[in-house]
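Residues per chain are reported as follows:
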Amino acid sequence: MRTESSIRPPRRNSLHRRERRQAFGFITPAVAGLSIFTVMPVGLAIVMSVFDWPIFGEREFIGFGNYIELLTDSPDFWPALRNSVVFTVLYVPVNLVVALGLALLLGPRIRGRAIFRVIFFIPVVTPIVANALVWKLVLQPDGLLNGLSTSWFGLTLPNFLVDQNWAMIAVVAMSVWAGMGYNMLVLTAALEQLPASLLEAAQVDGARGWRMLRSIVVPLISPAIFFAAVMTIISSLQVFAQPQLLTGGGPGTSTIPLVMFIYNTGFEFQDLGLAAAGAWLLFILIIGVTAMQFRVQKRWVHYEH
Amino acid sequence: MQKRRLAFGAMVAVGALGFSACGQDDGTSADEGTTTIVWNMWSGDAESEQKLRDQMAVAQGLVGNDITIELQTAPWADFFTKLNANMASGKVACVTAMNGQRLTGYTEAFLPLGEEELETAGISRDDYNPGALSVMEHDSTLYGLPYDTATMFLFYNADLFEQAGVALPTNDWTIDEFEQAARQITANTGVKGFAVSIDEFQWLSLPMAKSGLQPVNDDGELALTDPAFVEAATWYGDLVTEAGVSAAPPSAAETAWDPTQFENGQAAMIIDGTWNATRYTDEGLPFTGGAVRLPAGDAGAFGVALGSGYGVAANCEEKEAALEVLGALTGPEVQQVIAEQGGYPAQLGSQPLYFEALPASSRDVLTAAFTAGFDGSTAQRVNDQWTQVATAMPNELVSVYAGQSSMADALESLQSRFAR
């Protein structure tokens, strides 16, 4: 007994050490990748944002100068921030409602629902450039929509992509179409996990239709809705490709979102410091909104434990 | 022990992988006695890429086997964004293409070319028209050598003119005659007489010709709100909203809308650069295309000399080899190739070759247009804000063409955003 116990600890230690080394070896690729491609750029972005950092030439420390310039002097920053917020406010609710609607429609009772799910998911996996091209062909004045409207009803539709009132709506509509499939899948998965016993009990109690949806189904899948909402808000604050391809940010500055502003500032106008500061302000906005969502979720998200 | 070595090896390998990503050079490499010089140029399609490869083959023959030229391309719309990214990481290709209007933002990236550098390149200033080198100059320092010389032309669809019973444009045309013709063609054929543009000089040329003014004044300041220029630009916008002789571009993202309209026969006239002269007069088009100089405004004919060239990167490690490649790519042998491919060469001695290479069907028309177009053309003025102004222009213009804002407001907005 005694000898055993005196031998075991060192053995366990050496095993422990060996395992630690192995673990170290295993995580090295991930840690190296994370530091090279995430931590370093993030650190560099912080440094850049407090410098006057042109793409070429002398760099000069200016403290919070870039932030002050963005908030007080830059002609396009506030419109860009406004556009990002407007896009998010329009896009997220519509996306969630459409996705939930589709998930409910393609519920267990529909025949061939797998095919429909694939169809609705196709825009998610299609390259956004191809999506935008097709939408452009549909929306432009000599495009499909206006063509149908003039030939069927004799009604000329507005020029959606250059109209101040319609351009953002066109961008949102295309984004909903392209993005709804993902949330539909998330919510479908949640709907299929619903405990049948609970639904039956509710039916026995006389819950039907709207009442069933509002009081039973939505609360039960609220964690999935919460997840979808958080992810969709984050991605919509980062929107870039849709307006860039569809409207080019026009007319005026009405569809330039914050990320396009950052991209233009850094890579078109060669001011990397200002762009980095813009990126940090966007990051703060996203973190703030996400933190607020987590705080508010306690009131409406129900977790089954 | 073995495992420890393994784990250590794995870490080293991963580390090396990461660092090799940071260790890319600036576009030169010297293995086995040959130096590779990267030539970075814009190119939108397979055809133009092939033209560049043909030019490269000739240049390669000139520089010999000690230097290998490697071509890298990006489409025009992305070229400068990519160049900016390369500059940020210090990887500008040794021989990089530059457009005269964009040069002001990139002077620090290029090696100034003095007499010594020109001698290494084997190029003399006398090979050019006095004004031709100015497109590659900033503050009287030369940063590159032009491979072409360009200005803007009015291109027309002769079939639509005939159909409408309107006399073809001439090199003495005035703005009034242009508008008259556009109206008649629109009325008589149902096809729009003109296609307005949202692209830089494609749209600016007519307002400039009408007002006799440039959007950047003599002092290098943005002058978009000069009353005469605003009036001329308003007239241009009215071609869509009032006269109805042009459709409106469908989106600010469609900078190449007007050429497409013209080539599809949906517009009888457009303004575009001389670099497209052979394309728009090609016999393969479904109509007979022609070109004339820009119509003259009240102040007389007005045109600006544009152009592009190649420079040597300031941080290139193999400057001598890069200068040799630069000399080869802009020298007479490659200029001849460019002329045969339908580009108007920058060097005086090579320019006649352009006309010789033209097909008989368009030779007379283009010879007359080029002779008239470059006569008295002035250098294009730009300033540091120009890239930003040019980037923001399409977004403002689409509102004007849609009738939702006035040209005066659009120009005022650009002026107040970017004049510093």
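Keep in mind it's a predicted model, so treat the numbers as computed, not measured.

## Regarding the overall build of chain B
Counting its secondary structure elements, chain B contains 16 helices and 12 strands. Relative to a compact globule of 420 residues, whose C-alpha radius of gyration would be 22 Å, chain B shows 24 Å and is just as compact. Principal axes of the C-alpha set define a box for chain B whose edges measure 90 × 45 × 45 Å. Relative to its full complement of 420 residues, chain B shows a buried share of 55%. A fraction of 73% describes how many contacts in chain B between residues 6 or more apart in sequence connect residues 24 or more apart. Of the charged side chains in chain B, 19 are positive and 56 negative; the average position of the first set lies 11 Å away from that of the second.

## Focus: the packing of helix α5 (residues 128-139) of chain A against helix α6 (residues 144-153) of chain A
Residues and elements named next belong to chain A. Relative to each other, α5 and α6 sit at 25 degrees, their axes nearing to 4 Å. One element, α5, and the other, α6, form an angle in the roughly parallel class. Between α5 and α6, the contacting residues are Leu-137, Val-138 and Leu-139 on the first element and Leu-144, Leu-145 and Asn-146 on the second. Each residue belonging to the contact of α5 with α6 can be placed in one class, and the counts come to 5 nonpolar, 1 polar and no charged.

## Some remarks on the pattern of salt bridges
In total, this model carries 11 salt bridges over all chains according to the counting rule given. In this structure, Asp76(A) and Arg417(B) form a salt bridge, with 2.8 Å as the shortest nitrogen-oxygen distance. In this pair, Asp76(A) is assigned in the loop between α2 (65-73) and α3 (77-105) and Arg417(B) in helix α16 (residues 407-418), connecting two distinct chains. A relative accessible area of 11% means that Arg417(B) is categorised as buried. Here Arg117(A) and Glu192(A) are joined by a salt bridge, their closest N and O atoms 3.2 Å apart. One end of the pair, Arg117(A), is in helix α4 (residues 113-125); the other, Glu192(A), is in helix α7 (residues 167-192), with 75 residues separating them in the sequence. The exposure class assigned to Arg117(A) is buried, which follows from its relative accessible area of 14%. The exposure class assigned to Glu192(A) is partly exposed, which follows from its relative accessible area of 44%. Members of the salt-bridge network, linked through shared partners, are Asp76(A), Glu396(B) and Arg417(B).

## A short note on unusual backbone geometry
Residues and elements named next belong to chain A. The residue after Gly-250, namely Pro-251, is reached through a cis peptide bond having omega -5 degrees. Residue position: Pro-251 is located in the loop between α11 (241-246) and α12 (258-268). Backbone geometry at Gln-270 places phi at a positive 65 degrees, although glycine is not the residue there. Locating Gln-270 in the fold gives a position in the loop between α12 and α13 (272-300).

## Focus on the interface of chain A and chain B
Listed per partner, the contact involves 40 residues of chain A and 35 residues of chain B. On the chain A side of the interface with chain B, the three residues burying the most area are Phe56(A), Val162(A) and Phe269(A), jointly 20% of the side's total. Measuring nitrogen to oxygen at the nearest pair gives 3.3 Å for the salt bridge that ties Glu254(B) to Lys136(A). Summed over the shared surface of chain A and chain B, the result is 12 residue pairs in polar contact (both at pLDDT 80 or more). Those elements that place two or more of their residues in the side of chain A that touches chain B are α1 (2-49), α11 and α12 of chain A. Residue contributions to the side of chain A that touches chain B peak at 8 residues, all from α1(A). Considered class by class, the residues forming the side of chain A that touches chain B number 18 nonpolar, 16 polar and 6 charged.

## A closer look at the pairing of strand β10 (residues 289-293) of chain B
Residues and elements named next belong to chain B. With 5 of its 5 residues buried, β10 lies for the most part within the structure. In the sheet, strand β8 (residues 152-157) pairs with β10 via 5 bridges, with the strands oriented antiparallel. Bridge pairing in β10 links Phe-155 to Ala-291.

## Description of the UniProt feature "domain: ABC transmembrane type-1" (unreviewed entry) in chain A
UniProt tags residues 81-293 of chain A as "domain: ABC transmembrane type-1" (unreviewed entry). From the first C-alpha to the last, residues 81-293 of chain A spans 19 Å; its make-up is 76% helix and 0% strand.

## What to know about the nonpolar core
Residue and element names in this part refer to chain B. Counting residues in hydrophobic clusters, the biggest one holds 82 residues, and the most contacted among them are Phe-194, Trp-203 and Met-269. Per-element accounting of this core gives the leading share, 9 residues, to helix α15 (residues 386-401). Residue contributions to this core reach at least three from each of two domains, namely domain 1 (27-150 + 306-360) and domain 2 (152-302 + 385-418). Setting aside chain neighbours within four positions, we find Trp-203 in contact with Ser-197, Ile-198, Ala-233, Tyr-236, Met-393, Leu-397, Tyr-401, Met-407 and Leu-411. Ile-37, Ile-123, Leu-323 and Ile-338 belong to the second largest nonpolar core, which has 59 residues in total.

## Some points on the sheet that holds β10(B)
All names here are of chain B. Sheet architecture is open: 3 strands sit in the order β9-β8-β10, paired in antiparallel fashion. Each having just a single partner strand, β9 (269-273) and β10 make up the two edges of the open sheet. Put simply, the sheet's adjacent strands are angled 35 degrees from each other on average, direction ignored. Strands β8 and β9 of the sheet are contacted by helix α7 (residues 200-211), whose axis makes an angle of about 115 degrees with β9.

## A short note on a nonpolar patch on the surface
Residue and element names in this part refer to chain A. Taken together, the side chains of Leu-144, Leu-148, Trp-152, Phe-153 and Leu-155 define a hydrophobic patch exposed on the protein surface, amounting to about 600 Å² of accessible area. In this fold, Leu-155 is placed in the loop between α6 and α7. According to the relative accessible area criterion, Leu-155 is partly exposed, its value standing at 48%.

## Thoughts on the packing of aromatic side chains
All names here are of chain B. Throughout the structure, instances matching the rule amount to 42 aromatic pairs over all chains. A network of ring pairs unites the aromatic residues Phe-153, Phe-155, Phe-262, Tyr-280, Phe-287, Tyr-344, Tyr-354, Phe-355, Phe-370 and Phe-374 as a single cluster. One residue, Arg-102, lies across the ring of Phe-80, its end atom 5.7 Å from the ring centre. Above the face of the Trp-235 ring, Lys-210 is positioned so that its terminal group lies 5.1 Å from the ring centre.

## Focus: the UniProt feature "transmembrane region" (unreviewed entry) in chain A
All names here are of chain A. Here the UniProt-annotated "transmembrane region" (unreviewed entry) positions come out as residues 21-51, 85-106, 118-138, 166-191, 212-234 and 272-292. Taken end to end, residues 212-234 comprises 96% helix and 0% strand; its first and last C-alpha atoms sit 30 Å apart. Spanning residues 272-292, this segment combines 100% helix with 0% strand, and its end C-alpha atoms are found 30 Å apart.

## Observations regarding helix α8 (residues 227-241) of chain B
Residue and element names in this part refer to chain B. When the terminal C-alpha atoms of α8 are compared, their 20 Å separation across 15 residues agrees well with the 21 Å that a helix rising 1.5 Å per residue should span. On its buried side, α8 packs onto α6 (175-189), α7, α15 and α16. At the N-terminal end of α8, a side-chain oxygen is found 3.0 Å from the backbone nitrogen of Ala-228, two or three residues along, and the residue is Asp-226.

Conventions used here
- Residues numbered from 1 in each chain as written.
- Chains lettered and ligands numbered in written order.
- Predicted model: local features only at pLDDT ≥ 70, side-chain atom pairs only at ≥ 80, totals over all residues.
- Heavy atoms only, no water.
- Helix = DSSP H or I, 4+ residues; strand = E, 2+ residues; numbered from the N terminus.
- Rg over C-alpha atoms; globule rule 2.2 N^0.38 Å.
- Buried < 20%, exposed > 50% of the residue type's maximum accessible area, 1.4 Å probe, protein only.
- Contact = heavy atoms within 4.5 Å.
- Lys, Arg positive; Asp, Glu negative; His and termini not counted.
- Charge placed at Lys NZ, Arg CZ, Asp CG, Glu CD.
- Axes fitted to C-alpha atoms, helices over the stretch in contact; angles between N-to-C directions.
- Parallel < 35°, antiparallel > 145°, perpendicular 65-115°, else oblique.
- Nonpolar A, V, L, I, M, F, W, Y, C, P; charged D, E, K, R; others polar.
- Salt bridge = Lys/Arg side-chain N within 4 Å of Asp/Glu carboxyl O.
- Buried area = accessible area lost by both parts, 1.4 Å probe.
- Polar contact = N/O pair within 3.5 Å; in protein donor to acceptor, adjacent residues only side chain to side chain.
- Pairing = 2+ DSSP bridges.
- UniProt positions renumbered as here; feature names shortened; annotations may be inferred.
- Core = buried A, V, L, I, M, F, W, Y, C linked by side-chain atoms within 4.5 Å.
- Domains from an automatic or database assignment.
- Patch = residues over 30% accessible without salt bridge, like charges linked within 9 Å, V, L, I, M, F, W, Y side chains within 5 Å.
- Areas by Shrake-Rupley, 256 points an atom, 1.4 Å probe, with all protein chains shown as cover.
- Phe/Tyr/Trp six-rings, centres within 6.5 Å; stacked < 30°, edge-to-face > 60°.
- Lys NZ or Arg CZ within 6 Å of the ring centre and 35° of its normal.
- Expected span 1.5 Å × (residues − 1).

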